Amino acid sequence: MNPSSEPLDIMVSLGSASPSTLLVSDSAKVNKHKPWIETSYHGVITENNATVILDPPLVALDKDAPVPFAGEICAFKIHGQELPFEAVVLNKTSGEGRLRARSPIDCELQKEYTFIIQAYDCGTGPQETAWKKSHKAVVHIQVKDVNEFAPTFKEPAYKAVVTEGKIYDSILQVEAVDEDCSPQYSQICNYEIVTTDVPFAIDRNGNVRNTEKLSYDKQRQYEILVTAYDCGQKPSAQDTLVQVDVKPVCKPGWQDWTKRIEYQPGSGSVPLFPSIHLETCDGAVSSIQITTELQTNYIGKGCDRETYSEKSLQKLCGASSGIIDLLPSPSAATNWTAGLLVDSSEMIFKFDGRQGAKIPDGVVPKNLTDQFTVTMWMKHGPSPGVRAEKETILCNSDKTEMNRHHYALYVHNCRLVFLLRKDFDQADTFRPAEFHWKPDQICDKEWHYYVINVEFPVVTLYMDGATYEPYLVTNDWPIHPSHIAMQLTVGACWQGGEVTKPRFAQFFHGSLASLTIRPGKMDSQKVVSCLQACKEGLDINSLESLGQGIKYHFNPSQSVLVMEGDDIGNINRALQKVSYINSRQFPTVGVRRLKVSSKVQCFGEDVCISLPDVDAYVMVLQAVEPQITLHGTDRFWRPTAQFESTKGVTLFPDIKIVSTFTKTEAPGALKTTAPKSAVFEEMLHNLDFCDILVLGGDLDPKQECLELNHSELHQRHLDATNSTAGYSIYGVGSMSRYEQVLRHIRYRNWHPAALEARRFRLKCSELNGRYTSNEFNLEVSVLHEVRVSDKEHVNHLIVQPPFLQSVHHPESQTSIQRSSVVPSIATVVIIISVCMLVFVVAMGMYRVRITHQHFTQESEAAKEAEMDWDDSALTITVNPMEKHGAPGRGEDETEEEEEEDLSSSSSDSEGSDEEYGVGRGVHGQGGVAQAQLEWDDSTLPY
């Protein structure tokens, strides 16, 4: 019988009842009552558990009890769709039942359930017919939560910015959630800071606050970890990060700039503040003026300038010739500055008030014309003492007997004075004699460039390009002529008279550089500007992108830049484009200070914001150090005839100048402990002088000299000085230019008979000695003529170096080698004694060789001269020291040189100097190279 089907109401008709009908009617009379249950139930089930605990318990009663079947409970029915519960009968007699879950219960899916339940008795018999059902009862079941989920934060990280010096009630709030369904387990009851020793706290609502005032200077950022707990005290699975940035109290000023800016030489224009911007703290700014200043007064002569000699700089800037450098670099030719204190890298001479220098006679003309110019760099401070004495820069005074100053330049009480006493010529009248200037820069302890231009009777001062007229001009009588010699001095004035012993007086305190005198008119302003120009300064990248409304102005040296605008954004972008540039290949290493000052105007406010200065610096790094190397033939021999010729001996026919720098490279891309390898790379740069020094005593001008065609210098824009001590080539030029000039230096000697060898030393420099080459030593030896008597069938012996014959055993082939030993007198005597023995072998071998090459000589007769020999005398070319050949020369090299000798051609079409390398052909007096010697042996006895 289906419990869910309703029992059929049996209508019994008394008149027509059958026996079976009567039985049913009796049963119905037995099952008189419906089962009874409570009207409502409240139950609890724990999630993931099957048992439901009901209150009251599930029990059905039937008044038909204890009648079998009719008084028993057979089933409980739940009304509803897809309910996860079922009710089962535990005891039919007692009517006890149980409510249980058919599938796992998840509180997170549904927290409670409500449904209807009914009880059914067993009817009238075992066939389960005529069941009766109870009334409907309401069952309300609540699902009990299990703390299975941990709290999780809504954000993986939190960030806040606070201002230093304040206590906050809440900096930020963190929030965590829990997926559990019950309030006990789904609510967050507590938060905790995991990070220790931090000045922060957090409350149960997740509000983070600081427990003490924060300092931007002490710590600019804090990172703390926070965890959360639900009400079941289960912690969060993962902590959250809270980042608190501390910003300083809003102070108007420039932000995001770096104090140190590194500059790599050769990197061009480098931005100084690529990310700088202005913080106004909401100030109402109407306009702003920015002044950027590059402070280089402690670098060299006020900034990074070329450190070439003054003559080289004058030539670079296109100045007129005739300049006389009074403070040159100390050398053999200019030794009057050797005793002065000097900074050799910059050629700055420091005078401490106790020294002076005498300029030798003849350096400066005795009588300067009415037009001449004095130029100098000077750094000078206030004079010590209450009563300052004259401090002489330049003075031309009487050498003896008297103490007259003909002209002088000195500082007195921070005034620059130029004295010029004209000689008595036509009229004995007062003339302008002293010219006074008092610019503030004379005693500011800074470098300044001075030009005193004399166009008598007018004298004008140019300082740093600005013109200054004298504020005072005093007259004096002319100086009467006398025969007293004059002494020109620097750093002090020579007092030759009115004292018991001539001495220096009126010493200078300060620094001088590039002190020159040039007779004639002053150079153009362009030349003067070039001489004082800095090679470093401020620059603006992309002027066209500065934006509208930005005004800017540079000072002449580009050390100060002023920009003005009314838009903060445009001002920020303009300052971001300000850069530093240094055009020197080898700049001065060190710090260049930077200062950015600002002036702000606000909109009609009495009080406007004040911006602090930006103090930074540029660090100019060390450039790669060049290694200048000179190499070429360092020893050779020439016959006496060549020394005596008008063209002389070319000293450096194959000189080569190479400059390299060391580049360190790692052995590979992978990390390794192997040492780094050094790689030499060639670099190009200029030279400013090369000195050729004569070793072993000065040249005797009566019989020897060094020569160079001036055209070789002028067409390469170089100059030179010649003396008995050597030859100096100077001027800024490329290494190839210097090579070309050096290859034309010639040595002549009109009486080389007593000379065996001359030694020279060559040394080159860049930047006035800052980088110098190796010392290249050259030895040139003389091959002398030796004469032998008639009786030995030899009249004289002439040694021809390019065809020195080697004496070997008869079975060896004749070879031509370069001699590497200078023949001495003793050696020549030995050669004469064994000459006859050598002669037979040498002549036989020569005969064979000449016969073999006779046809070649005839075909080249048009361009090769042959020698005619007298039968009465025989000339033999012998290398007496053949067996002492130069070490390190193999047979292959000798054979190559022999082929080169035999194929040497005549001198070049330009008629340049004759150049002889070891093993090269000899140029005759007519400029024709002789390839062979023609022997006439008709009179030779064998």
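Residues numbered from 1 in each chain as written. Predicted model: local features only at pLDDT ≥ 70, side-chain atom pairs only at ≥ 80, totals over all residues. Heavy atoms only, no water.

### Comments concerning the overall build of the chain
Thought 1: Helices and strands together make up the secondary structure of the chain, namely eleven helices and 59 strands.
Thought 2: Long-range contacts, defined here as pairs at least 24 residues apart, represent 70% of the contacts in the chain between residues at least 6 apart.
Thought 3: With an accessible surface of roughly 48,500 Å², the chain has 51% of that area assigned to carbon and sulfur atoms. (Helix = DSSP H or I, 4+ residues; strand = E, 2+ residues; numbered from the N terminus. Contact = heavy atoms within 4.5 Å. Areas by Shrake-Rupley, 256 points an atom, 1.4 Å probe, with all protein chains shown as cover.)

### A closer look at the sheet that holds strand S12 (residues 188-193)
Thought 1: The four strands are arranged S9-S16-S15-S12 in an open sheet whose pairing can be described as mixed. Across the chains shown, the open sheet's two edge strands, defined by having one partner strand only, are strand S9 (157-163) and S12. If you compare each strand with its neighbour and ignore which way they point, the axes differ by 25° on average.
Thought 2: Alignment of S9 against strand S16 (residues 240-247), held across seven bridges, turns out to be parallel. In the strand pairing of S16, Tyr158 is matched with Val242. (Pairing = 2+ DSSP bridges. Axes fitted to C-alpha atoms, helices over the stretch in contact; angles between N-to-C directions.)

### Brief notes about the state of the cysteines
Thought 1: Inspection of the entire model under this criterion finds ten disulfides.
Thought 2: The residue that forms a disulfide with Cys189 is Cys231, at a sulfur-sulfur distance of 1.7 Å. Handedness of the Cys189-Cys231 disulfide follows from its S-S torsion of about 75°: it is right-handed. In this pair, Cys189 is assigned in strand S12 and Cys231 in the loop between strand S15 (221-230) and S16, connecting sequence segments 42 residues apart. (Disulfide = S-S within 2.5 Å.)

### A closer look at helix H4 (residues 525-532)
Thought 1: Those residues of H4 that fall on the buried side of the exposure criterion are Val527, Val528, Leu531 and Gln532. Angular distribution of buried residues about the axis of H4 spans 125°; they occupy a single face of the element.
Thought 2: Next to the buried residues of H4 lie helix H3 (310-316), strand S26 (371-379) and strand S31 (447-455). (Buried < 20%, exposed > 50% of the residue type's maximum accessible area, 1.4 Å probe, protein only. Arc of directions from axis to C-beta.)

### Comments concerning the pattern of salt bridges
Thought 1: Summed over the entire model, instances satisfying the criterion amount to 19 salt bridges.
Thought 2: In this structure, Lys656 and Glu739 form a salt bridge, with 3.8 Å as the shortest nitrogen-oxygen distance. Of this pair, Lys656 sits in strand S48 (residues 656-665) while Glu739 sits in helix H8 (residues 735-742), placing them 83 residues apart in sequence.
Thought 3: Glu712 is the salt-bridge partner of Arg716, the closest N and O atoms lying 2.7 Å from each other.
Thought 4: Here Arg716 falls in the buried class, since its relative accessible area comes to 12%.
Thought 5: For Glu712, a relative accessible area of 12% corresponds to the buried category.
Thought 6: What you see here is one network of salt bridges that share partners, running through Asp304, Glu536, Arg584 and Arg592. (Salt bridge = Lys/Arg side-chain N within 4 Å of Asp/Glu carboxyl O.)

### Structural notes on H8
Thought 1: Of the positions making up H8, those classed as buried are Met735, Tyr738, Glu739, Val741 and Leu742. In an axial view of H8, the angular spread of the buried residues amounts to 165°, which keeps them on one side of the axis.

### Section: the packing of aromatic side chains
Thought 1: For the structure on display, the rule yields 17 aromatic pairs.
Thought 2: With centroids separated by 6.2 Å and ring planes inclined at 45°, the aromatic side chains of Tyr120 and Trp131 adopt a geometry described as tilted. With Tyr120 in strand S6 (residues 112-121) and Trp131 in the loop between S6 and strand S7 (137-144), the pair connects residues that are eleven residues apart, well separated along the chain.
Thought 3: Under the relative-accessibility criterion, Tyr120 is labelled buried at 5%. (Phe/Tyr/Trp six-rings, centres within 6.5 Å; stacked < 30°, edge-to-face > 60°.)

### Topic: the sheet that holds strand S2 (residues 53-55)
Thought 1: With mixed pairing, five strands are arranged side by side in an open sheet as S2-S1-S7-S6-S3. Looking at the sheet topology across the chains shown, the edges are occupied by S2 and strand S3 (73-79). Pairs of neighbouring strands in the sheet enclose a mean axial angle of 30°, with direction left out of account.
Thought 2: Judged from the six bridges that link them, S3 and S6 form a sheet pairing that is antiparallel. Each bridged residue has a counterpart across the sheet, and for His79 the counterpart in S6 is Ile116.

### As for the side chain of Glu707
Thought 1: Relative to the assigned elements, Glu707 resides in strand S51 (residues 704-707).
Thought 2: In terms of polar contacts, Glu707 uses its side chain to reach the side chain of Arg748, at 3.1 Å.
Thought 3: Discounting residues that sit within four places of it in the chain, Glu707 has contacts with Thr646, His744, Ile745, Arg746 and Arg748. (Polar contact = N/O pair within 3.5 Å; in protein donor to acceptor, adjacent residues only side chain to side chain.)

### Some points on unusual backbone geometry
In terms of backbone geometry, most residues other than glycine have negative phi values and most peptide bonds are trans.
Thought 1: A cis amide bond, omega 0°, links Asp55 with the succeeding residue Pro56.
Thought 2: Within the secondary structure layout, Pro56 lies in the loop between S2 and S3.
Thought 3: That bond from Phe456 to Pro457 is cis: its omega, 10°, falls within 30 degrees of zero.
Thought 4: Among the secondary structure elements, Pro457 is positioned in the loop between S31 and strand S32 (458-463).
Thought 5: Positive phi is not limited to glycine here, since Ser514 has a value of about 55°.
Thought 6: One non-glycine residue, His717, lies in positive phi territory at about 60°.
Thought 7: By the element assignment, His717 lies in the loop between helix H7 (710-714) and strand S52 (719-723).
Thought 8: Under the relative-accessibility criterion, His717 is labelled partly exposed at 49%.

### Details of the environment of Tyr617
Thought 1: Mapping Tyr617 onto the fold places it in strand S44 (residues 614-620).
Thought 2: Each C-alpha atom, one on Tyr617 and one on Lys259, is 6.2 Å from the other, the two residues being 358 residues apart in sequence.
Thought 3: Excluding its chain neighbours within four sequence positions, the residues that come into contact with Tyr617 are Lys259, Arg260, Ile261, Val591, Arg592, Arg593 and Leu594.

### Some details on the pairing of strand S27 (residues 391-398)
When a strand is regular, its side chains alternate between the sheet's two faces.
Thought 1: Most of S27 sits inside the fold, with eight of its eight residues counted as buried.
Thought 2: In textbook terms, the turn of a hairpin is the stretch between consecutive antiparallel strands, and for S27 and strand S28 (residues 405-412) this stretch comprises six residues, one of which, Glu401, has a positive phi near 70°.
Thought 3: Strand direction decides the pairing type here: S27 and strand S35 (residues 486-490), joined by five bridges, are antiparallel. When the bridges of S35 are listed, Asn396 appears paired with Leu488.

### Details of the pairing of S16
Thought 1: In terms of burial, S16 is largely enclosed, as six of its eight residues are buried.
Thought 2: Across six bridges, the pairing between S15 and S16 is antiparallel. Bridge assignment links Tyr222 to a residue of S16, and that residue is Val244.

### Concerning the environment of Asn475
Thought 1: Position of Asn475 relative to the elements: it lies in strand S34 (residues 472-476).
Thought 2: Owing to a relative accessible area of 43%, Asn475 belongs among the partly exposed residues under this scheme.
Thought 3: It is 5.6 Å that separates the C-alpha atoms of Asn475 and Phe430, two residues lying 45 residues apart in sequence.
Thought 4: When near neighbours in sequence (up to four residues on either side) are disregarded, Asn475 contacts Phe430, Arg431, Pro432 and Ala433.

### A word on the environment of Arg404
Thought 1: Here Arg404 shows up in the loop between S27 and S28.
Thought 2: Overall, Arg404 belongs to the buried group, its relative accessible area being 17%.
Thought 3: For Arg404 and Met486, which are 82 residues apart along the polypeptide, the C-alpha to C-alpha distance reads 9.2 Å.
Thought 4: Ignoring any residue separated from it by four or fewer positions in sequence, one finds Arg404 in contact with Asn396, Ser397, Asp398, Ile479, His480, Ser482 and Ile484.
Thought 5: Within the local environment of Arg404, its side chain forms a polar contact with the side chain of Asp398, the two groups lying 2.8 Å apart.

### Topic: the confidence of the model for the chain
Thought 1: Confidence in the prediction for the chain averages 78 pLDDT; 77% of positions are at 70 or higher.
Thought 2: The low-confidence segment residues 854-942 (pLDDT under 50) makes 156 contacts with residues lying over four places distant or belonging to another chain. (pLDDT = per-residue confidence, 0-100.)

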